Amino acid sequence: MEDNWFTVTQLDHATFGISEYGHWEKVHSYLLLGKDKAALIDTGLGIDNMKKITDQLTSLPVMVLTTHVHWDHIGSHGEYGDIFVHEQEEDWLVNGIKGLPIDQIRKDVARDITLPVPASFNPEMYTPYQGKPAGTLKDGDTINLGDRELTIYHTPGHSPGHIAVFDVKNGFLFSGDLIYDETPVYAFFPSTSPEDLVRSLERMTNLNGVKRIYGGHNSLGLDPDILEDVRGLVSYLKEHNLIVFGTGVHRFNRISVQF
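I will try to describe carefully the structure that is included in this document.

Definitions and limits used
Residues numbered from 1 in each chain as written. Predicted model: local features only at pLDDT ≥ 70, side-chain atom pairs only at ≥ 80, totals over all residues. Heavy atoms only, no water. Phe/Tyr/Trp six-rings, centres within 6.5 Å; stacked < 30°, edge-to-face > 60°. Helix = DSSP H or I, 4+ residues; strand = E, 2+ residues; numbered from the N terminus. Buried < 20%, exposed > 50% of the residue type's maximum accessible area, 1.4 Å probe, protein only. Lys NZ or Arg CZ within 6 Å of the ring centre and 35° of its normal. Expected span 1.5 Å × (residues − 1). Contact = heavy atoms within 4.5 Å. Pairing = 2+ DSSP bridges. Salt bridge = Lys/Arg side-chain N within 4 Å of Asp/Glu carboxyl O.

**Comments concerning the packing of aromatic side chains**
Reasoning step 1: Using the criterion set out here, one finds eight aromatic pairs in the structure.
Reasoning step 2: Seen in terms of ring centroids, Phe172 and Tyr214 are 5.4 Å apart; in terms of plane orientation they differ by 85°. Their pairing is edge-to-face. Here Phe172 is found in strand E11 (residues 172–176), whereas its partner Tyr214 is found in strand E13 (residues 212–215), with 42 residues between them in sequence.
Reasoning step 3: Residue Tyr214 is classed as buried on the basis of its relative accessible area, which comes to 5%.
Reasoning step 4: When the ring of Phe174 is compared with that of Tyr214, the centres are 5.6 Å apart and the planes differ by 20°; the resulting orientation is stacked. Of this pair, Phe174 sits in strand E11 while Tyr214 sits in strand E13, and the two are 40 residues apart along the sequence.
Reasoning step 5: Classification of Phe174 by relative accessible area gives buried; the value is 1%.
Reasoning step 6: Over the ring of Trp24 we find Arg111; its NZ or CZ atom is 3.7 Å from the centre of that ring.

**Regarding helix H5 (residues 226–239)**
Note: α-helices contain 3.6 residues per turn, so residues at a spacing of three or four share the same orientation.
Reasoning step 1: Here H5 is 14 residues long and its end C-alpha atoms lie 20 Å apart, about the 20 Å a rise of 1.5 Å per residue gives.
Reasoning step 2: Buried positions along H5 lie against helix H4 (194–205), E13, strand E14 (249–252) and strand E15 (255–258).
Reasoning step 3: One or two positions beyond H5, positive phi appears at Asn241, with a value near 55°.

**A word on the pairing of strand E3 (residues 27–33)**
Reasoning step 1: In terms of burial, E3 is largely enclosed, as seven of its seven residues are buried.
Reasoning step 2: Residues Val27, Ser29, Leu31 and Leu33 point to one face of E3 and His28, Tyr30 and Leu32 to the other, with burial holding for every one of them.
Reasoning step 3: The turn joining strand E2 (residues 15–20) and E3, which pair antiparallel and follow one another in sequence, is formed by six residues; a positive phi near 45° is taken by Lys26.
Reasoning step 4: Looking at chain direction, E3 and strand E4 (residues 38–41) are connected through four bridges and run antiparallel. Paired with Leu33 across the bridge in E4 is Ala38.
Reasoning step 5: Count of turn residues in the E3/E4 antiparallel hairpin: four residues.

**Describing the pattern of salt bridges**
Reasoning step 1: Counted under the stated rule, the structure contains 18 salt bridges.
Reasoning step 2: The residue Asp91 makes a salt bridge to Lys98 at a minimum N-O spacing of 2.5 Å.
Reasoning step 3: With relative accessibility at 35%, the residue Asp91 sits in the partly exposed group.
Reasoning step 4: Lys98 sits in the partly exposed class, given a relative accessible area of 39%.
Reasoning step 5: The salt bridge partner of Asp167 is Arg148, with a shortest N-O separation of 2.6 Å. One end of the pair, Asp167, is in strand E10 (residues 163–167); the other, Arg148, is in the loop between strand E8 (142–144) and strand E9 (149–154), with 19 residues separating them in the sequence.
Reasoning step 6: Since its relative accessible area comes to 5%, Arg148 is described here as buried.
Reasoning step 7: It is possible to trace a salt-bridge network through shared partners that takes in Asp3, Asp48 and Lys52.

Now the structure itself:
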């Protein structure tokens, strides 16, 4: 599929990555097709309208699963009616992201763009989505798309209501901003928690059946052996008493965090 802003990658016969490589965040969203409905994991930056892409990929009803309520993952939420978010971030979705001034958001959305943006994009007027979700999620919830079951894991740290989504049948772990490579996973804002992040990372290393990890940024798809790097990082952080705000960037092979 050709598009000036989005890059669509078919990951298997019923799974698509929708990437925004023209922005420094290199954000990925994911469309998962079932027999009865589809799940869209996050909706990107909001620089362009993601619904024009998902409309071309499926005629199934689409439910949006929000990994977390940060501006770079809820950009096209307003184009969809069936939005779900973890119960601890429902307030953020309705009333706005805590502790992040709009001027900073607009500065971040506008910088380091390397592809032409649509005429509709005006960073000076950019405002993150706010609205009431169709429902909330909690740890252990299961979502059946029809021959495709998703399990919700509450993985706080980067944000209080962050979730990971596990596609049980295929072994795909959609990790949001919990596991990705190249740049650090951030947990240094007041709304973050280094302790929770490390617990969430450790929990994912104990998840059975993971065959591929799809994060919210950078490389599109990681082999499950990256979980060995996660284990190493967790051990290092614990051993050196580094799981506190202000200790900086910590790296173990392909994985890094910033506290």
